[in-house]
Amino acid sequence: MAIGSNIRTWFDGAWHDGDVAIMHAADHGSWLGTTVFDGARLVDGLTPDLDAHCARTNRSAKALMLTPTVSPEDMVQIALEGLAAYDTGAAVYIRPMYWAIDGDPSAIIPSPEKTGFAISLEEIPMPPPEASVTLTRTRFRRPVLESSVVNAKAGCLYPNNARMLAEARAKGFSNVLATDALGNVAETATANIFMVKDGEVFTPIPNGTFLAGITRARHIANMRADGISVHESVLGYGDFENADEVFVTGNMAKITPVTAFDDVQYQAGPVTKRVHDLYWDWAASTA
């Protein structure tokens, strides 16, 4: 499913122009959902945390009992080689991925002997500066490790996210504020969540029900280095209803202000703006 344009695909040891077919109908990943991926970004010639995203691709593969076949270092070099074909200033989504090809005699457990690998590059513009999201409650919950592979960025987790988003959009909102099985706020359907109260920042403590994202960790490190107090805490809906600012973070947009949670309205405030600036200052410093 292409969501961008100007696609390039690394597969079978070479770069190809276009959205190349990479899976067969009988591949384990095709009919049993054993797929993992990650996402990084090229923006203004910068690839922030590309190495961390590539390393997580391999961790996700292992969580799904897949055997990684490309080192994170080689993955970075392959991606950079493919990105060299894009125009200066292009905004590109970088998606390395693995899938199982064969299974064991039961057909259910993926075979360690054969793992598919590809990288997809797509031009996808960064959201405009005025972009924001609105959130609502959802009846769907984040799963736990005992029932789902929540320690991986796995394709099989996304149908649950999709039904959250469908519910939100049916109610006139763009995303949800999802909770875990105990009712503690975990994340949105697509990104990690932060709130600001009296100048201090709070975010749900990782409890094994959601991926504590690479971009999330980068923002936390940047804020703490800047002297902003950041707390990883158990949070509920009430905390967000009383927040001064709320923002979401993830690779696709890096940081986006939240302007509503059900009937509660927010402004894109000074802390959100500061976190945005800190991130891009940090990214530029790594060039």
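Details of the structure are given in the entry above.
Residues numbered from 1 in each chain as written. Predicted model: local features only at pLDDT ≥ 70, side-chain atom pairs only at ≥ 80, totals over all residues. Heavy atoms only, no water.

A. Here's a closer look at the pairing of strand E14 (residues 245-250). Of all 6 residues making up E14, 6 are buried, and the element is well covered by its neighbours. Judged by which residues are buried, E14 turns out to be covered on both faces: Glu245, Phe247 and Thr249 on one side and Val246, Val248 and Gly250 on the other are all buried. With 4 bridges joining them, E14 and strand E15 (residues 254-261) adopt antiparallel strand pairing. The residue of E15 that forms the bridge with threonine 249 is isoleucine 255. Between E14 and E15, which pair antiparallel in sequence order, lie 3 residues. (Buried < 20%, exposed > 50% of the residue type's maximum accessible area, 1.4 Å probe, protein only. Helix = DSSP H or I, 4+ residues; strand = E, 2+ residues; numbered from the N terminus. Pairing = 2+ DSSP bridges.)

B. Region of the structure containing the nonpolar core. Among the nonpolar cores identified, the biggest contains 29 residues, and Ile94, Tyr98, Ile119 and Leu121 are the most heavily contacted of them. Elements that contribute at least two residues to this core include exactly strand E4 (40-42), helix H2 (50-63), helix H3 (72-83), strand E5 (92-100) and strand E6 (115-123). Ranked by residues supplied to this core, first place goes to H3 with 5 residues. (Core = buried A, V, L, I, M, F, W, Y, C linked by side-chain atoms within 4.5 Å.)

C. Examining the packing of aromatic side chains more closely. Across all of its chains, the model carries 8 aromatic pairs by this definition. Pairing phenylalanine 194 with phenylalanine 247 gives two aromatic rings, centres 5.0 Å apart and planes at 10 degrees, and the pair type is stacked. With a gap of 53 residues between them, phenylalanine 194 in strand E11 (residues 192-197) and phenylalanine 247 in strand E14 connect regions that are remote in the sequence. Phenylalanine 247 carries the same exposure label as phenylalanine 194, and that label is buried. Ring plane angle 55 degrees and centroid distance 5.6 Å describe the contact between tyrosine 279 and tryptophan 282, whose orientation is recorded as tilted. Taken as a pair, tyrosine 279 and tryptophan 282 lie in helix H7 (residues 270-285) at a separation of 3 residues, close to a single helical turn. When sorted by exposure, tyrosine 279 lands in the same class as tryptophan 282, which is buried. Among the aromatic residues, ring-to-ring pairing joins Trp10, Tyr98 and Phe117 into one connected group. (Phe/Tyr/Trp six-rings, centres within 6.5 Å; stacked < 30°, edge-to-face > 60°.)

D. Molecular detail of the environment of glutamine 265. Mapped onto the elements of the fold, glutamine 265 is located in strand E16 (residues 264-265). You can call glutamine 265 exposed: its relative accessible area is 58%. Leaving out residues up to four positions away in the same chain, glutamine 265 has contacts with Thr259 and Ala260. (Contact = heavy atoms within 4.5 Å.)

E. Spatial organisation of the packing of helix H5 (residues 214-225) against H7. Axis separation between H5 and H7 bottoms out at 10 Å; the angle between their running directions is 100 degrees. Here H5 is positioned roughly perpendicular relative to H7, judged by the angle of their axes. Here Thr215, Arg218, His219, Asn222 and Met223 of H5 come into contact with H7, specifically with Val275, Leu278, Tyr279 and Trp282. Partitioned by chemical class, the residues of the contact of H5 with H7 number 5 nonpolar, 3 polar and 1 charged. (Axes fitted to C-alpha atoms, helices over the stretch in contact; angles between N-to-C directions. Parallel < 35°, antiparallel > 145°, perpendicular 65-115°, else oblique. Nonpolar A, V, L, I, M, F, W, Y, C, P; charged D, E, K, R; others polar.)

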